[in-house]
Amino acid sequence: MSKPRPPVALYLHLPFCLARCPYCDFVVYAGGDARGPRARTEHLYAAVARELELRADALDGRFGRPDVGGPREPLRSVYFGGGTPSLVPVEWLERLLAVVRDRYGVVSDAEVTLEANPGPEERGDPAAFRRVGFTRISFGAQSLDEGELRRLGRRHSPDDVAAAVAGARAAGIGSVNLDLLYDVPGQSLAAWETTLQAALALRPDHLSLYALTLDDPDAEGITGREGDHLPTPPGARRWRERARLEQDEDRAADQYGLATDLLAAEGWRGYEISNWSRPGHESRHNLAYWERRPYEAVGPGAHAFDGVVRRWNAATKDPYIAALLPAQGAAAEPPGGRETITPETATSERIILALRLDVGVPAAWADRSPLADSREWAESAGLLESMEVGGEARLRLTLRGRLLSNELFARLV
Ligand code: SF4
(Lines give C-alpha, C1' and ligand atoms only; values in the text may rest on other atoms or scores of the structure.)
Protein backbone atom coordinates (compact mmCIF):
# COMPACT_ATOMS: atom_id res chain seq x y z
CA MET A 1 0.00 0.00 0.00
CA SER A 2 1.46 3.41 -1.01
CA LYS A 3 1.94 6.11 1.55
CA PRO A 4 0.67 9.70 1.23
CA ARG A 5 3.32 11.99 -0.22
CA PRO A 6 3.67 15.80 -0.34
CA PRO A 7 2.70 17.57 -3.59
CA VAL A 8 5.17 18.35 -6.38
CA ALA A 9 2.65 20.57 -8.19
CA LEU A 10 -0.23 22.91 -7.37
CA TYR A 11 -3.36 23.74 -9.39
CA LEU A 12 -5.47 26.87 -8.75
CA HIS A 13 -8.91 27.02 -10.36
CA LEU A 14 -10.14 30.57 -11.12
CA PRO A 15 -13.55 30.07 -12.71
CA PHE A 16 -14.60 33.34 -14.39
CA CYS A 17 -15.08 33.78 -18.16
CA LEU A 18 -16.57 36.61 -20.24
CA ALA A 19 -19.10 34.19 -21.75
CA ARG A 20 -19.58 30.45 -21.65
CA CYS A 21 -18.62 28.46 -24.75
CA PRO A 22 -21.41 25.98 -25.53
CA TYR A 23 -19.15 22.88 -25.50
CA CYS A 24 -17.36 23.72 -22.22
CA ASP A 25 -17.65 21.43 -19.17
CA PHE A 26 -15.13 23.21 -16.95
CA VAL A 27 -16.33 24.87 -13.75
CA VAL A 28 -17.06 28.29 -15.22
CA TYR A 29 -19.09 31.33 -14.14
CA ALA A 30 -19.80 33.72 -16.99
CA GLY A 31 -21.93 36.72 -17.95
CA GLY A 32 -23.73 38.21 -14.92
CA ASP A 33 -22.14 35.51 -12.72
CA ALA A 34 -18.69 36.86 -13.60
CA ARG A 35 -19.28 40.66 -13.57
CA GLY A 36 -20.87 43.09 -11.15
CA PRO A 37 -21.63 42.70 -7.43
CA ARG A 38 -23.54 39.40 -7.84
CA ALA A 39 -20.41 37.74 -9.23
CA ARG A 40 -18.46 38.24 -5.96
CA THR A 41 -15.19 37.84 -7.85
CA GLU A 42 -13.12 39.50 -5.10
CA HIS A 43 -14.70 37.18 -2.52
CA LEU A 44 -13.81 34.18 -4.65
CA TYR A 45 -10.16 35.26 -5.00
CA ALA A 46 -9.95 35.89 -1.23
CA ALA A 47 -11.50 32.46 -0.59
CA VAL A 48 -8.90 30.81 -2.87
CA ALA A 49 -6.14 32.60 -0.92
CA ARG A 50 -7.70 31.33 2.31
CA GLU A 51 -7.91 27.78 0.97
CA LEU A 52 -4.23 27.95 -0.01
CA GLU A 53 -3.40 28.79 3.63
CA LEU A 54 -5.70 26.06 4.99
CA ARG A 55 -4.27 23.33 2.75
CA ALA A 56 -0.71 24.52 3.53
CA ASP A 57 -1.44 24.26 7.28
CA ALA A 58 -2.49 20.64 6.74
CA LEU A 59 0.66 19.88 4.67
CA ASP A 60 2.87 21.50 7.34
CA GLY A 61 1.26 19.18 9.91
CA ARG A 62 1.72 16.04 7.79
CA PHE A 63 5.09 16.61 6.10
CA GLY A 64 6.70 19.70 7.71
CA ARG A 65 7.46 23.06 6.09
CA PRO A 66 8.74 23.01 2.48
CA ASP A 67 12.51 22.78 2.31
CA VAL A 68 15.05 21.82 -0.37
CA GLY A 69 16.32 18.31 0.41
CA GLY A 70 13.63 17.85 3.09
CA PRO A 71 10.70 15.44 3.05
CA ARG A 72 8.56 18.19 1.53
CA GLU A 73 10.33 19.70 -1.48
CA PRO A 74 9.25 23.10 -2.87
CA LEU A 75 6.84 22.88 -5.84
CA ARG A 76 8.15 22.22 -9.32
CA SER A 77 5.01 23.47 -11.03
CA VAL A 78 2.18 25.92 -10.31
CA TYR A 79 -0.77 26.11 -12.73
CA PHE A 80 -3.48 28.80 -12.80
CA GLY A 81 -6.37 27.29 -14.78
CA GLY A 82 -10.01 28.10 -15.26
CA GLY A 83 -12.09 29.75 -16.47
CA THR A 84 -9.96 32.53 -17.91
CA PRO A 85 -7.29 33.38 -15.32
CA SER A 86 -5.90 36.11 -17.60
CA LEU A 87 -9.06 38.08 -16.65
CA VAL A 88 -8.03 38.09 -12.97
CA PRO A 89 -6.56 41.45 -11.86
CA VAL A 90 -2.76 41.17 -11.78
CA GLU A 91 -2.73 42.35 -8.15
CA TRP A 92 -4.71 39.22 -7.23
CA LEU A 93 -2.46 36.92 -9.29
CA GLU A 94 0.52 38.46 -7.49
CA ARG A 95 -1.10 38.01 -4.06
CA LEU A 96 -1.97 34.38 -4.74
CA LEU A 97 1.55 33.64 -6.01
CA ALA A 98 3.00 35.30 -2.89
CA VAL A 99 0.97 32.92 -0.68
CA VAL A 100 2.12 29.96 -2.82
CA ARG A 101 5.80 30.96 -2.54
CA ASP A 102 5.53 31.59 1.19
CA ARG A 103 3.56 28.51 2.21
CA TYR A 104 4.46 25.87 -0.42
CA GLY A 105 7.89 26.97 -1.64
CA VAL A 106 8.60 27.08 -5.40
CA VAL A 107 11.88 25.90 -6.96
CA SER A 108 13.82 28.61 -8.79
CA ASP A 109 13.30 27.06 -12.24
CA ALA A 110 9.64 26.12 -11.65
CA GLU A 111 7.10 26.04 -14.46
CA VAL A 112 4.45 28.66 -13.56
CA THR A 113 1.58 28.56 -16.06
CA LEU A 114 -1.33 30.92 -16.68
CA GLU A 115 -4.25 29.95 -18.91
CA ALA A 116 -5.38 32.82 -21.13
CA ASN A 117 -7.79 33.56 -23.94
CA PRO A 118 -6.40 35.34 -27.01
CA GLY A 119 -9.12 38.03 -27.45
CA PRO A 120 -8.07 41.64 -26.80
CA GLU A 121 -10.45 41.95 -23.83
CA GLU A 122 -9.28 38.65 -22.33
CA ARG A 123 -5.56 38.17 -22.87
CA GLY A 124 -4.44 40.66 -20.21
CA ASP A 125 -0.96 42.13 -19.92
CA PRO A 126 1.78 39.55 -20.58
CA ALA A 127 4.52 41.91 -19.31
CA ALA A 128 2.71 42.10 -15.95
CA PHE A 129 2.26 38.29 -15.94
CA ARG A 130 6.00 37.89 -16.56
CA ARG A 131 6.83 40.44 -13.83
CA VAL A 132 4.83 38.59 -11.17
CA GLY A 133 6.45 35.27 -12.06
CA PHE A 134 4.59 33.40 -14.83
CA THR A 135 6.98 31.49 -17.11
CA ARG A 136 4.42 29.88 -19.41
CA ILE A 137 1.11 30.95 -21.02
CA SER A 138 -1.39 28.48 -22.41
CA PHE A 139 -3.74 30.15 -24.91
CA GLY A 140 -7.17 28.71 -25.67
CA ALA A 141 -6.86 29.28 -29.44
CA GLN A 142 -9.07 26.27 -30.43
CA SER A 143 -8.91 27.07 -34.16
CA LEU A 144 -7.28 29.47 -36.60
CA ASP A 145 -10.27 29.46 -38.95
CA GLU A 146 -12.62 32.42 -38.62
CA GLY A 147 -15.78 30.40 -39.41
CA GLU A 148 -14.92 27.57 -36.99
CA LEU A 149 -14.23 30.05 -34.20
CA ARG A 150 -17.67 31.60 -34.76
CA ARG A 151 -19.34 28.16 -34.81
CA LEU A 152 -17.60 27.27 -31.54
CA GLY A 153 -18.92 30.46 -29.93
CA ARG A 154 -15.42 31.84 -29.41
CA ARG A 155 -14.89 35.59 -29.05
CA HIS A 156 -11.55 35.97 -30.85
CA SER A 157 -10.21 35.89 -34.41
CA PRO A 158 -7.14 34.15 -35.88
CA ASP A 159 -5.39 37.56 -35.87
CA ASP A 160 -6.02 37.80 -32.11
CA VAL A 161 -4.20 34.49 -31.60
CA ALA A 162 -1.21 35.84 -33.56
CA ALA A 163 -1.25 39.07 -31.53
CA ALA A 164 -1.51 37.15 -28.24
CA VAL A 165 1.49 34.92 -29.07
CA ALA A 166 3.54 37.92 -30.27
CA GLY A 167 2.68 39.82 -27.08
CA ALA A 168 3.73 36.90 -24.88
CA ARG A 169 7.04 36.57 -26.75
CA ALA A 170 7.74 40.31 -26.57
CA ALA A 171 7.13 40.15 -22.81
CA GLY A 172 9.73 37.38 -22.43
CA ILE A 173 7.34 34.51 -21.63
CA GLY A 174 9.60 31.49 -22.16
CA SER A 175 7.03 28.86 -23.12
CA VAL A 176 3.80 29.28 -25.07
CA ASN A 177 1.12 26.65 -25.62
CA LEU A 178 -1.84 26.73 -28.00
CA ASP A 179 -4.90 24.53 -27.39
CA LEU A 180 -6.56 23.46 -30.65
CA LEU A 181 -9.72 21.41 -31.30
CA TYR A 182 -10.36 18.84 -34.02
CA ASP A 183 -13.56 16.95 -34.90
CA VAL A 184 -15.21 20.39 -34.92
CA PRO A 185 -18.60 20.40 -36.72
CA GLY A 186 -18.06 21.03 -40.42
CA GLN A 187 -14.23 20.94 -40.15
CA SER A 188 -12.68 19.24 -43.20
CA LEU A 189 -9.30 17.51 -43.13
CA ALA A 190 -7.92 20.35 -45.27
CA ALA A 191 -9.27 23.00 -42.86
CA TRP A 192 -7.62 21.18 -39.94
CA GLU A 193 -4.31 21.10 -41.80
CA THR A 194 -4.62 24.83 -42.50
CA THR A 195 -5.18 25.50 -38.78
CA LEU A 196 -2.17 23.35 -37.84
CA GLN A 197 0.08 25.08 -40.39
CA ALA A 198 -1.12 28.50 -39.21
CA ALA A 199 -0.43 27.50 -35.60
CA LEU A 200 3.10 26.29 -36.48
CA ALA A 201 3.76 29.57 -38.30
CA LEU A 202 3.24 31.36 -34.97
CA ARG A 203 6.12 29.30 -33.52
CA PRO A 204 4.57 28.15 -30.24
CA ASP A 205 6.54 25.73 -28.02
CA HIS A 206 3.72 23.35 -27.21
CA LEU A 207 0.45 22.25 -28.80
CA SER A 208 -2.45 20.49 -27.04
CA LEU A 209 -4.76 18.94 -29.64
CA TYR A 210 -8.10 17.71 -28.33
CA ALA A 211 -11.02 16.09 -30.12
CA LEU A 212 -14.13 18.15 -29.36
CA THR A 213 -15.97 16.10 -26.74
CA LEU A 214 -19.62 16.77 -26.05
CA ASP A 215 -20.35 15.07 -22.75
CA ASP A 216 -23.37 15.39 -20.49
CA PRO A 217 -22.20 15.93 -16.87
CA ASP A 218 -25.84 15.89 -15.67
CA ALA A 219 -26.33 12.36 -17.01
CA GLU A 220 -23.04 11.31 -15.39
CA GLY A 221 -24.41 12.38 -11.97
CA ILE A 222 -21.55 14.77 -11.19
CA THR A 223 -23.51 18.04 -10.97
CA GLY A 224 -25.16 17.60 -7.55
CA ARG A 225 -24.49 19.59 -4.37
CA GLU A 226 -21.10 17.99 -3.75
CA GLY A 227 -20.39 17.39 -7.42
CA ASP A 228 -17.32 18.77 -9.18
CA HIS A 229 -19.25 19.93 -12.28
CA LEU A 230 -21.98 22.51 -12.93
CA PRO A 231 -25.23 21.66 -14.74
CA THR A 232 -25.23 22.19 -18.53
CA PRO A 233 -27.33 25.25 -19.49
CA PRO A 234 -30.27 24.42 -21.83
CA GLY A 235 -28.81 26.47 -24.73
CA ALA A 236 -25.50 24.61 -24.50
CA ARG A 237 -27.36 21.31 -24.38
CA ARG A 238 -29.22 22.14 -27.64
CA TRP A 239 -25.96 23.32 -29.27
CA ARG A 240 -24.29 19.98 -28.38
CA GLU A 241 -27.18 17.95 -29.78
CA ARG A 242 -26.84 19.76 -33.13
CA ALA A 243 -23.02 19.65 -33.13
CA ARG A 244 -22.91 15.89 -32.45
CA LEU A 245 -24.68 15.31 -35.77
CA GLU A 246 -21.77 16.94 -37.59
CA GLN A 247 -18.99 14.98 -35.89
CA ASP A 248 -17.38 12.01 -37.55
CA GLU A 249 -15.13 9.40 -35.88
CA ASP A 250 -13.36 8.42 -39.09
CA ARG A 251 -12.64 12.02 -40.02
CA ALA A 252 -11.37 12.63 -36.46
CA ALA A 253 -9.00 9.65 -36.79
CA ASP A 254 -7.67 11.06 -40.08
CA GLN A 255 -7.22 14.46 -38.43
CA TYR A 256 -5.27 12.91 -35.56
CA GLY A 257 -3.06 10.93 -37.97
CA LEU A 258 -2.42 14.03 -40.05
CA ALA A 259 -1.35 16.02 -36.96
CA THR A 260 0.93 13.19 -35.84
CA ASP A 261 2.72 13.04 -39.22
CA LEU A 262 2.92 16.78 -39.74
CA LEU A 263 4.31 17.55 -36.27
CA ALA A 264 6.80 14.67 -36.39
CA ALA A 265 8.10 16.01 -39.72
CA GLU A 266 8.62 19.40 -38.03
CA GLY A 267 10.69 17.80 -35.24
CA TRP A 268 7.97 17.94 -32.58
CA ARG A 269 7.62 15.21 -29.97
CA GLY A 270 4.16 13.75 -29.40
CA TYR A 271 5.02 12.98 -25.80
CA GLU A 272 1.42 12.28 -24.74
CA ILE A 273 -1.73 11.22 -26.58
CA SER A 274 -2.97 14.83 -26.90
CA ASN A 275 0.23 16.82 -26.40
CA TRP A 276 3.18 17.75 -28.62
CA SER A 277 6.15 19.96 -27.85
CA ARG A 278 9.45 21.24 -29.07
CA PRO A 279 12.24 19.46 -27.16
CA GLY A 280 12.44 20.73 -23.58
CA HIS A 281 8.95 22.31 -23.55
CA GLU A 282 6.95 19.29 -22.34
CA SER A 283 4.40 20.47 -19.74
CA ARG A 284 5.91 19.68 -16.37
CA HIS A 285 2.55 20.17 -14.70
CA ASN A 286 0.64 17.72 -16.85
CA LEU A 287 3.50 15.21 -16.66
CA ALA A 288 2.98 15.19 -12.88
CA TYR A 289 -0.61 13.98 -13.52
CA TRP A 290 0.40 11.30 -16.03
CA GLU A 291 3.29 10.11 -13.87
CA ARG A 292 0.80 9.90 -11.00
CA ARG A 293 2.75 12.21 -8.75
CA PRO A 294 0.95 13.92 -5.85
CA TYR A 295 -0.51 17.39 -6.44
CA GLU A 296 -2.41 19.93 -4.35
CA ALA A 297 -5.34 21.88 -5.78
CA VAL A 298 -7.57 24.77 -4.68
CA GLY A 299 -10.66 26.51 -6.06
CA PRO A 300 -14.19 25.38 -6.98
CA GLY A 301 -14.22 21.97 -8.67
CA ALA A 302 -10.45 21.42 -8.17
CA HIS A 303 -9.06 17.90 -7.63
CA ALA A 304 -6.04 17.02 -5.44
CA PHE A 305 -4.15 13.74 -4.99
CA ASP A 306 -1.64 12.72 -2.30
CA GLY A 307 -0.71 9.31 -3.69
CA VAL A 308 -3.48 7.54 -1.76
CA VAL A 309 -6.52 9.83 -1.45
CA ARG A 310 -8.16 11.81 -4.25
CA ARG A 311 -10.02 14.85 -2.96
CA TRP A 312 -12.26 17.32 -4.79
CA ASN A 313 -14.04 20.58 -4.08
CA ALA A 314 -17.67 21.02 -5.07
CA ALA A 315 -18.19 23.23 -8.12
CA THR A 316 -20.67 25.68 -6.61
CA LYS A 317 -19.18 29.07 -5.86
CA ASP A 318 -21.27 30.46 -3.00
CA PRO A 319 -20.91 27.48 -0.60
CA TYR A 320 -17.18 27.53 -1.41
CA ILE A 321 -16.93 31.20 -0.40
CA ALA A 322 -19.19 30.71 2.65
CA ALA A 323 -16.99 27.90 4.05
CA LEU A 324 -13.72 29.75 3.57
CA LEU A 325 -14.88 33.29 4.43
CA PRO A 326 -17.53 32.72 7.13
CA ALA A 327 -19.26 35.77 8.60
CA GLN A 328 -18.33 34.37 12.01
CA GLY A 329 -15.91 31.76 13.26
CA ALA A 330 -13.00 29.99 11.62
CA ALA A 331 -12.65 29.07 7.96
CA ALA A 332 -13.52 25.46 7.15
CA GLU A 333 -12.73 23.11 4.28
CA PRO A 334 -15.10 23.82 1.37
CA PRO A 335 -17.75 21.21 0.50
CA GLY A 336 -16.62 18.35 -1.71
CA GLY A 337 -15.66 14.71 -1.49
CA ARG A 338 -12.76 12.29 -1.15
CA GLU A 339 -11.98 8.77 -2.19
CA THR A 340 -9.24 6.39 -1.04
CA ILE A 341 -7.67 4.67 -4.02
CA THR A 342 -7.37 0.90 -3.50
CA PRO A 343 -4.08 -0.80 -4.44
CA GLU A 344 -5.84 -2.54 -7.39
CA THR A 345 -7.20 0.75 -8.73
CA ALA A 346 -3.81 2.39 -8.18
CA THR A 347 -2.14 -0.29 -10.35
CA SER A 348 -4.68 0.19 -13.15
CA GLU A 349 -4.37 3.97 -12.98
CA ARG A 350 -0.58 3.82 -13.09
CA ILE A 351 -0.62 1.68 -16.24
CA ILE A 352 -3.33 3.67 -18.02
CA LEU A 353 -1.72 7.04 -17.28
CA ALA A 354 1.77 5.84 -18.28
CA LEU A 355 0.47 4.33 -21.53
CA ARG A 356 -0.69 7.83 -22.52
CA LEU A 357 3.01 8.80 -22.77
CA ASP A 358 5.26 8.06 -25.77
CA VAL A 359 7.75 6.27 -23.48
CA GLY A 360 5.02 3.81 -22.44
CA VAL A 361 5.53 1.36 -19.57
CA PRO A 362 8.30 -1.11 -18.65
CA ALA A 363 7.53 -4.42 -20.42
CA ALA A 364 7.99 -6.10 -17.03
CA TRP A 365 4.71 -4.50 -15.92
CA ALA A 366 2.95 -6.90 -18.27
CA ASP A 367 4.19 -9.86 -16.20
CA ARG A 368 1.90 -9.30 -13.24
CA SER A 369 -0.82 -6.71 -13.69
CA PRO A 370 -4.05 -6.18 -15.61
CA LEU A 371 -1.74 -5.71 -18.62
CA ALA A 372 -0.76 -9.39 -18.45
CA ASP A 373 -4.28 -10.40 -19.56
CA SER A 374 -4.54 -7.82 -22.35
CA ARG A 375 -1.02 -7.67 -23.80
CA GLU A 376 -1.46 -10.42 -26.37
CA TRP A 377 -4.82 -9.08 -27.55
CA ALA A 378 -3.49 -5.50 -27.75
CA GLU A 379 -0.37 -6.54 -29.69
CA SER A 380 -2.29 -8.69 -32.15
CA ALA A 381 -4.80 -5.86 -32.67
CA GLY A 382 -1.88 -3.51 -33.43
CA LEU A 383 -2.49 -1.30 -30.40
CA LEU A 384 0.74 -1.99 -28.49
CA GLU A 385 4.35 -2.25 -29.68
CA SER A 386 7.67 -3.10 -28.04
CA MET A 387 10.53 -0.61 -27.87
CA GLU A 388 13.68 0.00 -25.87
CA VAL A 389 14.65 3.07 -23.84
CA GLY A 390 18.14 3.16 -22.26
CA GLY A 391 18.45 -0.63 -22.57
CA GLU A 392 15.05 -1.25 -20.93
CA ALA A 393 12.35 -3.14 -22.79
CA ARG A 394 9.11 -1.10 -22.82
CA LEU A 395 5.61 -1.28 -24.30
CA ARG A 396 3.84 1.69 -25.81
CA LEU A 397 0.76 2.54 -27.83
CA THR A 398 1.02 2.55 -31.62
CA LEU A 399 -0.76 5.28 -33.60
CA ARG A 400 -3.72 2.89 -33.90
CA GLY A 401 -3.42 2.29 -30.14
CA ARG A 402 -3.62 6.02 -29.46
CA LEU A 403 -6.77 6.25 -31.58
CA LEU A 404 -8.37 3.25 -29.85
CA SER A 405 -6.82 3.74 -26.41
CA ASN A 406 -10.20 3.72 -24.65
CA GLU A 407 -10.82 0.13 -25.81
CA LEU A 408 -7.56 -1.01 -24.20
CA PHE A 409 -8.00 1.14 -21.08
CA ALA A 410 -11.49 -0.30 -20.49
CA ARG A 411 -9.85 -3.75 -20.24
CA LEU A 412 -7.32 -2.54 -17.70
CA VAL A 413 -9.70 -1.28 -14.99
S1 SF4 B 1 -13.21 30.37 -22.45
FE2 SF4 B 1 -12.47 28.29 -21.91
S3 SF4 B 1 -13.04 27.93 -19.81
FE4 SF4 B 1 -14.22 29.73 -20.53
S5 SF4 B 1 -16.16 28.88 -21.23
FE6 SF4 B 1 -14.84 28.95 -23.02
S7 SF4 B 1 -13.82 26.92 -23.10
FE8 SF4 B 1 -14.72 27.16 -21.04
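Quantities reported herein were computed from a predicted structural model and do not represent experimental measurements.

Cut-offs applied
- Residues numbered from 1 in each chain as written.
- Predicted model: local features only at pLDDT ≥ 70, side-chain atom pairs only at ≥ 80, totals over all residues.
- Heavy atoms only, no water.
- Near = heavy atom within 4 Å.
- Nonpolar A, V, L, I, M, F, W, Y, C, P; charged D, E, K, R; others polar.
- Salt bridge = Lys/Arg side-chain N within 4 Å of Asp/Glu carboxyl O.
- Helix = DSSP H or I, 4+ residues; strand = E, 2+ residues; numbered from the N terminus.
- Buried < 20%, exposed > 50% of the residue type's maximum accessible area, 1.4 Å probe, protein only.
- Arc of directions from axis to C-beta.
- Contact = heavy atoms within 4.5 Å.
- Pairing = 2+ DSSP bridges.
- Right-handed = clockwise from strand over helix to strand, strands pointing away.
- Core = buried A, V, L, I, M, F, W, Y, C linked by side-chain atoms within 4.5 Å.
- Domains from an automatic or database assignment.
- Axes fitted to C-alpha atoms, helices over the stretch in contact; angles between N-to-C directions.
- Parallel < 35°, antiparallel > 145°, perpendicular 65-115°, else oblique.
- Left-handed = near helix turned anticlockwise from the far one by under 90°.

Q: Quick question: what am I supposed to make of the site of the ligand here?
A: Taken together, the neighbourhood of the ligand is formed by 13 residues, with Cys17, Cys21, Cys24, Asn117 and Arg154 sitting nearest. Looking at side-chain class alone, the shell around the ligand contains seven nonpolar, three polar and three charged residues.

Q: Would you mind going over the pattern of salt bridges with me for this structure?
A: If the charged atoms of two oppositely charged side chains come close together, the side chains can form a pair. Summed over the entire model, instances satisfying the criterion amount to 30 salt bridges. Residue Arg311 is joined to Glu296 by a salt bridge in which the shortest nitrogen-to-oxygen separation is 2.9 Å. With Arg311 in strand β13 (residues 309–313) and Glu296 in strand β11 (residues 295–298), this residue pair connects regions lying 15 residues apart in the sequence. For the pair Arg311 and Glu296, a shared accessibility class is recorded, and that class is buried. Through salt bridges with shared partners, one network takes in Glu53, Asp57, Asp60, Arg65, Arg72 and Arg103.

Q: Where do I start with helix α12 (residues 370–380) in this structure?
A: Each α-helix winds once per 3.6 residues, and so residues spaced three or four apart point in a common direction. When we look at burial in α12, the residues that qualify are Leu371, Ser374 and Ala378. What you see down the axis of α12 is that its buried residues fit within an arc of 80°, all on one side. In α12, the exposed positions angled more than 90 degrees off the buried face are occupied by Asp373, Glu376 and Ser380. Taken together, the buried residues of α12 touch α11 (343–355), β15 (361–362), β16 (384–389), β17 (392–397) and α14 (405–412).

Q: Looking at this model, I keep getting lost on the environment of Gly227. Mind explaining?
A: Locating Gly227 in the fold gives a position in the loop between β8 (206–211) and α7 (234–245). Taking the relative accessible area as the measure of exposure, Gly227 reaches 13% and is therefore buried. Beyond its immediate sequence surroundings of up to four residues, Gly227 is in contact with Ile222, Asn313, Ala314 and Ala315.

Q: Got a minute to help me understand the pairing of strand β7 (residues 175–182) in this structure?
A: It is a general feature of regular strands that their side chains alternate between the two faces of the sheet. For β7, a buried count of eight out of eight residues is recorded, marking the element as mostly surrounded by other parts of the structure. Here β7 shows a buried face lined by Ser175, Asn177, Asp179 and Leu181 and a second buried face lined by Val176, Leu178, Leu180 and Tyr182. The sheet contact formed by strand β6 (residues 136–142) and β7 spans five bridges and is parallel. Each residue of the ladder has a partner; that of Gln142, found in β7, is Leu180. The sheet contact formed by β7 and β8 spans six bridges and is parallel. Paired with Asp179 across the bridge in β8 is Ser208. Tracing the backbone out of β7, into helix α6 (residues 189–201) and back to the parallel element β8 gives a crossover that is right-handed.

Q: Just checking my understanding: could you explain the nonpolar core for this structure?
A: Side chains of nonpolar character tend, in soluble globular proteins, to be buried together. By size, the foremost hydrophobic cluster in this structure holds 87 residues, and its most contacted members are Phe80 and Leu209. Among the elements that take part in this core, helix α1 (residues 41–63) stands out by supplying nine residues, more than any other. Residues lining this core come from more than one domain, with at least three contributed by each of domain 1 (9–290) and domain 2 (342–413). Apart from residues lying up to four places away in sequence, Phe80 is in contact with Leu12, Leu14, Pro85, Leu93, Leu96, Leu97, Thr113, Leu114, Glu115 and Phe134. Counting 13 residues, the second-largest nonpolar core is a separate cluster that includes Val28, Ala30, Leu181 and Leu212.

Q: Help me understand the pairing of strand β9 (residues 269–272), please; the structure alone is not making it clear to me.
A: The sheet contact formed by β9 and strand β10 (residues 275–277) spans two bridges and is antiparallel. Within β10, the residue paired with Arg269 across the bridge is Ser277. Hairpin connection from β9 to β10: two residues lie between these consecutive antiparallel strands.

Q: Just to check I follow, could you spell out the packing of α1 against helix α10 (residues 317–324) for this structure?
A: Two quantities define a packed helix pair, namely the angle between the helix axes and the distance between the axes. Close contact between α1 and α10 brings their axes to 9 Å; oriented N to C, the two are set at 55°. In terms of orientation, α1 and α10 fall into the oblique class. At the point where α1 passes α10, the crossing takes the left-handed sense. In this structure, α1 contributes His43, Leu44, Ala47, Val48, Arg50, Glu51 and Leu54 to the contact, and α10 contributes Lys317, Tyr320, Ile321 and Leu324. Residues that form the contact of α1 with α10 fall into these classes: seven nonpolar, one polar and three charged.

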